[in-house]
Number of protein chains: 2
Amino acid sequence: MEGLELVSSNKIFGGFQKVYSHQSTELQCKMNFSIYMPPQAEGGDVKLPVIYYLSGLTCNEQNFITKSGFQRYAAENGIIVVGPDTSPRGVKVPGDDESWDFGVSAGFYLDAAKDPWSKNYRMGSYLTKELYDLILQAFSNNVDPTRIGIMGHSMGGHGALVSVLRNPGLYKSVSAFAPICNPTKCPWGEKAFTGYLGEDKSQWVEWDATELVKKYDGPPLTLLIDQGAGDKFYIEKQLLPENLVEACRSVGVPIILNLREGYDHSYYYISSYIGEHFDFHAKILKA
Amino acid sequence: MEGLELVSSNKIFGGFQKVYSHQSTELQCKMNFSIYMPPQAEGGDVKLPVIYYLSGLTCNEQNFITKSGFQRYAAENGIIVVGPDTSPRGVKVPGDDESWDFGVSAGFYLDAAKDPWSKNYRMGSYLTKELYDLILQAFSNNVDPTRIGIMGHSMGGHGALVSVLRNPGLYKSVSAFAPICNPTKCPWGEKAFTGYLGEDKSQWVEWDATELVKKYDGPPLTLLIDQGAGDKFYIEKQLLPENLVEACRSVGVPIILNLREGYDHSYYYISSYIGEHFDFHAKILKA
């Protein structure tokens, strides 16, 4: 496929876990993404649903594909799974490597408005336009453009929620593990939004799921939120799922919040429940 | 538990993935090991089977517990799983970090006979005596000493096989992913055995599964060997499962060799079939 370079391919659960790199025009750098092709994709023109998975702070495209065990469930359900990286790479914006929760591997799936970030830090448009279109074109033999879902973890859970709410109809199903639900009200979000968007808080609400859901006016949508009750970032109020639940209830958007006793923020937790999330998405995408 | 220090504990599939450290007398250094306690272990005195898992070259106790997805199957079957490290750590033997296939993280689960390795590189006795006894004592509430199995990958597959064959009855079940089946006849084994055991090849056969099985005289045992057909180390003749199969057939020891079309040497491959291995062990350990 033109412009795509195969980085790796490993057989797993009868399908293939691949990583590609490509030159991104939105981010103006070379980016990796992962794609799992389940066994059902073999032998040509069969159209399958797609789920995007967005990773959290400090991750690249590797964490999810090596640690979550999702491939078993993608294979069972016949679902293609795409995992982008979490920020531009190698663009060397001053200050991009000074903290683990801002800059490199902390792109927050938004389009930065403030210099010097606005040139490269356009993960919002990258995800919902450039990569979205690239996947439709490069894998057109197998991708069903009418059955696309999205999920994510932590910063990536925020990314999944805002991508759905800002782009009604683009994704048919959404779920999140320990998402940053209300970034305008937590330290991670305040730092990232100040840095990427500037001081004008009227811009912040455009990238905050709890604010966006209040004005959501798209096709019917149920939000599935999973949260470990022992997650220290939940306890420290970085995630605030209750704020999202309250906002959803105020406007009648269905939301399921599953609190998991004793589970933390790690991939040990994600791997325990990702099968349930695949079932949730499959029910919607294969209805 | 005396002498054990808890390094980490994460809830996964209803149980707890823990890592402990302890001071090893065999290896004369501090060692980590992992132990998964399935949900069935909660609430006290219930005796469960145990499976040891031995990792391959370059690994420590982390690779298996983060990448294989075994916890789902351990939880389903109610099995405790213990994973030791692959060599002594921090003992600084001259030359121990010069290659990836000898020295640190390449202990080959044997007792070295040659200086300067013989002082610390005693992974054979560590595994089958010191750690074995430690687990029985420290987790006596939950471990059933009559139902212990062992499995491993690559160098760890070699370790699992020789541990069973050298210690009849110590382990009731054994399986291996891409094991080094005949180390006296492959480059990895020749290098390691020359380094750890010296030039006297009469010592080598005491740590070679294909040689040991020919004189095995213990309780009935079925060997389950799994091998990716696309594994480059298999193709390069580092693993030689056919030699083990031939030796088993010559003496009537049952062996199952499952060749997996298109699979490589990675944890992507292991994760695809580890569920089958747990079923195999559970059938024997829970009979």
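Residues numbered from 1 in each chain as written. Chains lettered and ligands numbered in written order. Predicted model: local features only at pLDDT ≥ 70, side-chain atom pairs only at ≥ 80, totals over all residues. Heavy atoms only, no water.

Caption draft 1: Main features of the overall build of chain A. On a plain count of helices and strands, chain A comes out with ten helices and nine strands. At 18 Å, chain A has a C-alpha radius of gyration in line with the 19 Å of a compact globule built from 287 residues. Looking at chain A as a whole, 62% of its 287 residues are labelled buried. The long-range share in chain A, meaning contacts at least 24 apart out of those at least 6 apart in sequence, stands at 72%. (Helix = DSSP H or I, 4+ residues; strand = E, 2+ residues; numbered from the N terminus. Rg over C-alpha atoms; globule rule 2.2 N^0.38 Å. Buried < 20%, exposed > 50% of the residue type's maximum accessible area, 1.4 Å probe, protein only. Contact = heavy atoms within 4.5 Å.)

Caption draft 2: Region of interest: the confidence of the model for chain A. A residue-level look at chain A finds 99% of positions with pLDDT of 70 or above and a mean pLDDT of 97. Predicted complex, confidence summary: ipTM 0.95, pTM 0.96. (pLDDT = per-residue confidence, 0-100.)

Caption draft 3: Just the interface of chain A and chain B, in detail. Across the contact, 22 residues belong to chain A and 22 residues belong to chain B. Both sides of the chain A and chain B interface together cover about 1900 Å² of buried area, and 48% of this is carbon and sulfur. Summed over the shared surface of chain A and chain B, the result is ten residue pairs in polar contact (both at pLDDT 80 or more). Secondary-structure elements contributing two or more residues to the side of chain A that touches chain B are strand 1 (5-12), helix 1 (62-67), helix 2 (71-77) and helix 10 (267-285) of chain A. A per-class count over the side of chain A that touches chain B returns seven nonpolar, ten polar and five charged. (Buried area = accessible area lost by both parts, 1.4 Å probe. Polar contact = N/O pair within 3.5 Å; in protein donor to acceptor, adjacent residues only side chain to side chain. Nonpolar A, V, L, I, M, F, W, Y, C, P; charged D, E, K, R; others polar.)

Caption draft 4: Examining the sheet that holds strand 6 (residues 143-153) of chain A more closely. Residue and element names in this part refer to chain A. Here we have nine strands laid out as an open sheet, ordered 1-2-3-5-4-6-7-8-9, and mixed in their pairing. Bordering the open sheet on either side are strand 1 and strand 9 (255-260), each of which pairs with just one other strand. Direction aside, neighbouring strands of the sheet carry axes that sit 20° apart on average. With nine bridges joining them, strand 2 (residues 15-24) and strand 3 (residues 29-37) adopt antiparallel strand pairing. Each residue of the ladder has a partner; that of Ser24, found in strand 3, is Cys29. Helix 3 (residues 123-138) rests against strand 2, strand 3, strand 4 (48-54), strand 5 (80-84) and strand 6 of the sheet, and its axis sits at about 145° to strand 6. (Pairing = 2+ DSSP bridges. Axes fitted to C-alpha atoms, helices over the stretch in contact; angles between N-to-C directions.)

Caption draft 5: Structural context of the relation of the copies chain A and chain B. Relative to chain B, chain A is turned by 180° and slid 0.0 Å along the rotation axis, the superposed coordinates differing by an RMSD of 0.0 Å. Look at the turn and shift together and you get a two-fold axis relating the two. Among all residues of chain A, the minimum C-alpha distance to the rotation axis is found for Lys67 of chain A, at 2.5 Å. Interface residue correspondence from chain A to chain B reaches 100%, placing this contact among same-surface, isologous pairings. (Least-squares fit on C-alpha atoms with pLDDT ≥ 70 in both.)

Caption draft 6: Representation of the pattern of salt bridges. Residues and elements named next belong to chain B. As enumerated under the stated definition, the model contains 20 salt bridges over all chains in all. Here Glu5 ties to Lys30 by a salt bridge, and the two come within 3.5 Å at their closest N and O atoms. You can see Glu5 sitting in strand 1 (residues 5-12) and its partner Lys30 sitting in strand 3 (residues 29-37), a full 25 residues away along the chain. Taking the relative accessible area as the measure of exposure, Glu5 reaches 44% and is therefore partly exposed. Residue classification places Lys30 among the partly exposed positions, given a relative accessible area of 49%. (Salt bridge = Lys/Arg side-chain N within 4 Å of Asp/Glu carboxyl O.)

Caption draft 7: Representation of the nonpolar core. The biggest cluster of nonpolar side chains holds 200 residues, and the ones touching the most others in it are Tyr52 of chain A together with Tyr52 of chain B. If we ignore the near neighbours within four places in the chain, the residues touching Tyr52 of chain A are Val82, Leu127, Leu131, Tyr132, Ile135, Ile148, Gly149, Ile150, Met151 and Tyr171 of chain A. (Core = buried A, V, L, I, M, F, W, Y, C linked by side-chain atoms within 4.5 Å.)

Caption draft 8: Highlighting the sheet that holds strand 2 (residues 15-24) of chain B. Residues and elements named next belong to chain B. Strand order in the open sheet made by the nine strands is 1-2-3-5-4-6-7-8-9, with mixed pairing throughout. Looking at the sheet topology across the chains shown, the edges are occupied by strand 1 and strand 9 (255-260). On average, adjacent strands in this sheet sit at an angle of 20° to one another, irrespective of strand direction. Bridging between strand 3 and strand 5 (residues 80-84) involves four bridges; their strand directions are antiparallel. Bridged to Ile35 within strand 5 is Val82.

Caption draft 9: Representation of unusual backbone geometry in the model. Residue Pro116 of chain A is bonded to the preceding Asp115 of chain A through a cis peptide linkage, with omega at 0°. Located in the positive-phi region is Thr58 of chain B, a residue other than glycine, with phi close to 75°. Relative to the helices and strands, Thr58 of chain B is located in the loop between strand 4 (48-54) and helix 1 (62-67). In this structure, Tyr109 of chain B takes a positive phi of about 55° despite not being glycine. For Tyr109 of chain B, the location among the structural elements is in the loop between strand 5 and helix 3 (123-138). Classification of Tyr109 of chain B as buried rests on a relative accessible area of 1%.

Caption draft 10: Fine view of the pairing of strand 5 of chain A. Residues and elements named next belong to chain A. In terms of burial, strand 5 is a largely internal element, five of the five residues being buried. Alternating residues of strand 5 divide into Ile80, Val82 and Pro84 and Val81 and Gly83, and every residue in both groups is buried. Relative to strand 5, strand 4 runs parallel, the two being bridged by three bridges. Across the sheet, the residue bridging to Val50 is Ile80, located in strand 5.

Caption draft 11: Spotlight on the pairing of strand 4 of chain A. Residues and elements named next belong to chain A. The buried count for strand 4 comes to seven of seven residues, which makes it a mostly enclosed element. Taken together, the six bridges between strand 4 and strand 6 define a ladder with parallel strand orientation. When the sheet's bridge partners are listed, Tyr53 is paired in strand 6 with Met151.

Caption draft 12: Quick peek at helix 10 (residues 267-285) of chain B. Residue and element names in this part refer to chain B. Along helix 10, the largest kink reaches about 45° and is centred on Tyr273. Counting buried residues in helix 10 gives 15 out of 19 residues, a clear majority hidden from the surface. Among the residues of helix 10, the N-terminal cap falls to Ser266, whose side-chain oxygen and the backbone nitrogen of Tyr268 are separated by 3.2 Å. (Bend = angle between axes of the 7 residues up to and from the residue.)

Caption draft 13: Geometry of the packing of aromatic side chains. Counted under the stated rule, the structure contains 42 aromatic pairs over all chains. An angle of 5° between the planes, with centres 4.3 Å apart, marks the rings of Phe64 of chain B and Phe70 of chain B as stacked. Overall, Phe64 of chain B belongs to the buried group, its relative accessible area being 3%. Members of the aromatic cluster, joined through ring pairs, are Tyr36, Tyr53, Phe64, Phe70 and Phe278 of chain A. Positioned over the ring face of Trp207 of chain A is Arg166 of chain A, at 3.5 Å from the centre of the ring. (Phe/Tyr/Trp six-rings, centres within 6.5 Å; stacked < 30°, edge-to-face > 60°. Lys NZ or Arg CZ within 6 Å of the ring centre and 35° of its normal.)

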